[in-house]
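The chain contents come next:
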Amino acid sequence: MIRNNMVEHCYIHVPFCKSICYYCDFCHVQYNRDLVKEWLNALKDEFNHYPINNHLKTVYIGGGTPTSLEDDLLKELLELIKPYTSNVDEYTIEINPETLTLSKVLLLKEYGINRVSIGIQAYQEHLLKMMNRKHTFEDVRNTVSLLKNNGITNIAVDIIYSLPTQTMDDLKETMEHVLNLKPSHVSIYSLQIEEGTVFYQKGIEPLDEDLEADMYDYLCDYLKEHGYEQYEISNFSLPDKQSKHNLAYWHYKDFYGFSCGASGKENHARYDHTKNIKDYLKNPFYREEIPLTQKDEMFEMVMMSLRLVKGLSKKEFQDKYNISIDEVYGKVNENLIKQGLLIEDEESISCSEKGFPILNTILEYYLD
Ligand code: SF4
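Residues numbered from 1 in each chain as written. Predicted model: local features only at pLDDT ≥ 70, side-chain atom pairs only at ≥ 80, totals over all residues. Heavy atoms only, no water.

Engineer: Could you clarify how one ought to interpret the environment of Glu347 in this entry?
Structural biologist: In this structure, Glu347 sits in the loop between strand 16 (342-344) and strand 17 (348-351). With sequence-adjacent residues up to four places away left out, Glu347 is seen in contact with Leu312, Ser313, Lys314 and Lys315. (Helix = DSSP H or I, 4+ residues; strand = E, 2+ residues; numbered from the N terminus. Contact = heavy atoms within 4.5 Å.)

Below, the structure is given as structure tokens:
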């Protein structure tokens, strides 16, 4: 693969977790200090093998649970990334509430992390236990205070809805407590029961689809009423607090991906690292590359951009492919606009309110 030296976004996956959540199908392994040390060496090798530029604007350390690393190992990780962060505008790390201590917050601060993303998921203890989450809402409150008291105020939170046995009242109670924390960004995800998860193995059934749709509508209304602007299907923020890193994905920009479980996209190819830590440790340079034709790319750009409330920028499409969206997808767009599923103005094409909930169906038209 030819390296794109102008890439501005970088994702680093930390695959370690202290315990495994029953819904999780991300790349994760049980925390083990010796394994973390081996992984850090492999990651160092990967960074040396694929040198990256100093133009990065966003860095996102996700997981897994990056803050499960003990202080010395977390410091080693942050030190490894440091050479690439001098021009970074948004530097995010994911946090699980039970893993954050004052010394770790001070480390995050020292290395310039200016945004955190906390997995809250729900308020009620019985729901947290059902998911095998190891924190309480009190831990969440303490984590938020610890961060704010030490100057990290750009705090994003994740919520899961449509959990087994969850009622609309449970969700309302969760949201009341969540907004009391005054986060700058809220992501809402409906539970997906994926193969390979503990929920799947236990035969847990998803909630009724109608209730799930009602929960989504409630969340959108509630967040908007409280000053959070929806900018993507599942994401809401206070003014100017949108996730710059995630916006890069939705605008179909190139990004680097490091470590097992991470994906990247550069110069007309996507690549995936293995999700198996042992394979990664054996060969941290290996990535499965999937070349993208222009047709693939144009479809993927539509797919990603239609997730945004603002939709697809016609200019960005034209600049990228040297052809207008009308010439490529004019008939599909016309048909979808007639059905009331898309809206078009001079600058963009976006989903209507009717279209948003059935985005996957809309995308099938583009595939045809
Ligand atoms: S949801 Fe996050 S914390 Fe839980 S097992 Fe998955 S990666 Fe680890």
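Engineer: Whenever I open this one, the side chain of Ser68 confuses me. Can you help?
Structural biologist: In this fold, Ser68 is placed in the loop between strand 4 (58-63) and helix 2 (71-81). A residue is classified by how much of its surface remains accessible, and Ser68, at 1% relative accessible area, is buried. (Buried < 20%, exposed > 50% of the residue type's maximum accessible area, 1.4 Å probe, protein only.)

Engineer: What am I meant to see in the pairing of strand 5 (residues 90-95) here?
Structural biologist: Look at any regular strand and the pattern is simple: side chains alternate between the two faces of the sheet. Across the 6 residues that make up strand 5, a large majority, 5, are buried. Here strand 4 pairs with strand 5 via 4 bridges, running parallel. Along strand 5, the bridge assignment pairs Ile61 with Ile93. For the crossover that starts at strand 4, traverses helix 2 and ends in the parallel strand 5, the hand is right-handed. Here strand 5 pairs with strand 6 (residues 115-121) via 4 bridges, running parallel. Opposite Ile93, over in strand 6, you have Val116 as the bridge partner. Chirality of the crossover, the property in question, places the unit of strand 5, helix 3 (residues 102-110) and strand 6 among those that are right-handed. (Pairing = 2+ DSSP bridges. Right-handed = clockwise from strand over helix to strand, strands pointing away.)

Engineer: Could you clarify how one ought to interpret the packing of aromatic side chains in this entry?
Structural biologist: Aromatic rings considered in pairs are described by the distance between their centres and by the relative angle of their planes. As enumerated under the stated definition, the model contains 13 aromatic pairs in all. Here the aromatic rings of Phe16 and Tyr31 are separated by 6.3 Å at their centres, their planes lie at 80°, and the arrangement is edge-to-face. A residue pair is termed long-range when its members are at least 10 positions apart, and Phe16 in strand 2 (residues 16-17) and Tyr31 in the loop between strand 3 (29-30) and helix 1 (33-49) qualify at 15 residues. As far as the burial class goes, Phe16 and Tyr31 line up, both buried. (Phe/Tyr/Trp six-rings, centres within 6.5 Å; stacked < 30°, edge-to-face > 60°.)

Engineer: For this particular structure, what's the right way to read the nonpolar core?
Structural biologist: Nonpolar side chains in soluble globular proteins tend to end up buried together. One finds Phe16, Trp39, Ile61, Leu69 and Tyr366 to be the most contacted residues of the largest nonpolar core, which totals 98 residues. Three or more residues apiece are contributed to this core by two domains, here domain 1 (9-250) and domain 2 (293-368). Excluding anything up to four places from it in sequence, Phe16 contacts Val29, Gln30, Tyr31, Leu35, Val36, Trp39, Gly64, Thr65, Ser68, Leu69 and Ile277. Among the nonpolar cores identified, the runner-up in size contains 12 residues, and Cys24, Leu128, Met131 and Phe199 belong to it. (Core = buried A, V, L, I, M, F, W, Y, C linked by side-chain atoms within 4.5 Å. Domains from an automatic or database assignment.)

Engineer: In this structure, what is going on with the site of the ligand? I would like to understand it.
Structural biologist: What surrounds the ligand is the set Cys17, Ser19, Ile20, Cys21, Tyr23, Cys24, His28, Gly63, Gly64, Thr65, Asn96 and Arg133. Its residues assigned to classes, the shell around the ligand shows 5 nonpolar, 6 polar and 1 charged. (Near = heavy atom within 4 Å. Nonpolar A, V, L, I, M, F, W, Y, C, P; charged D, E, K, R; others polar.)

Engineer: Even after reading the chapter, I still don't get the domain arrangement of the chain, so can you show me in this structure?
Structural biologist: The assigned domain composition of the chain is domain 1 (9-250) and domain 2 (293-368). Centre-to-centre separation of domain 1 and domain 2, based on C-alpha positions: 29 Å. Contact residues are listed per partner, giving 8 residues for domain 1 and 7 residues for domain 2. The contact between domain 1 and domain 2 buries some 730 Å² in all, and 62% of this surface belongs to carbon and sulfur atoms. Considering only the side of domain 1, the residues that lose the most area to domain 2 are Glu232, Ile233 and Trp250, jointly responsible for 62% of the buried surface there. Scanning the region where domain 1 abuts domain 2 turns up 1 salt bridge. Glu232 is paired through a salt bridge with Arg307; the nearest N and O atoms lie 2.5 Å apart. Where domain 1 meets domain 2, there are 4 residue pairs in polar contact (both at pLDDT 80 or more). Listed by contribution, the elements that provide at least two residues to the side of domain 1 that touches domain 2 are strand 9 (229-232) and helix 9 (244-250). Taken together, the residues of the side of domain 1 that touches domain 2 break down into 5 nonpolar, 2 polar and 1 charged. (Buried area = accessible area lost by both parts, 1.4 Å probe. Salt bridge = Lys/Arg side-chain N within 4 Å of Asp/Glu carboxyl O. Polar contact = N/O pair within 3.5 Å; in protein donor to acceptor, adjacent residues only side chain to side chain.)

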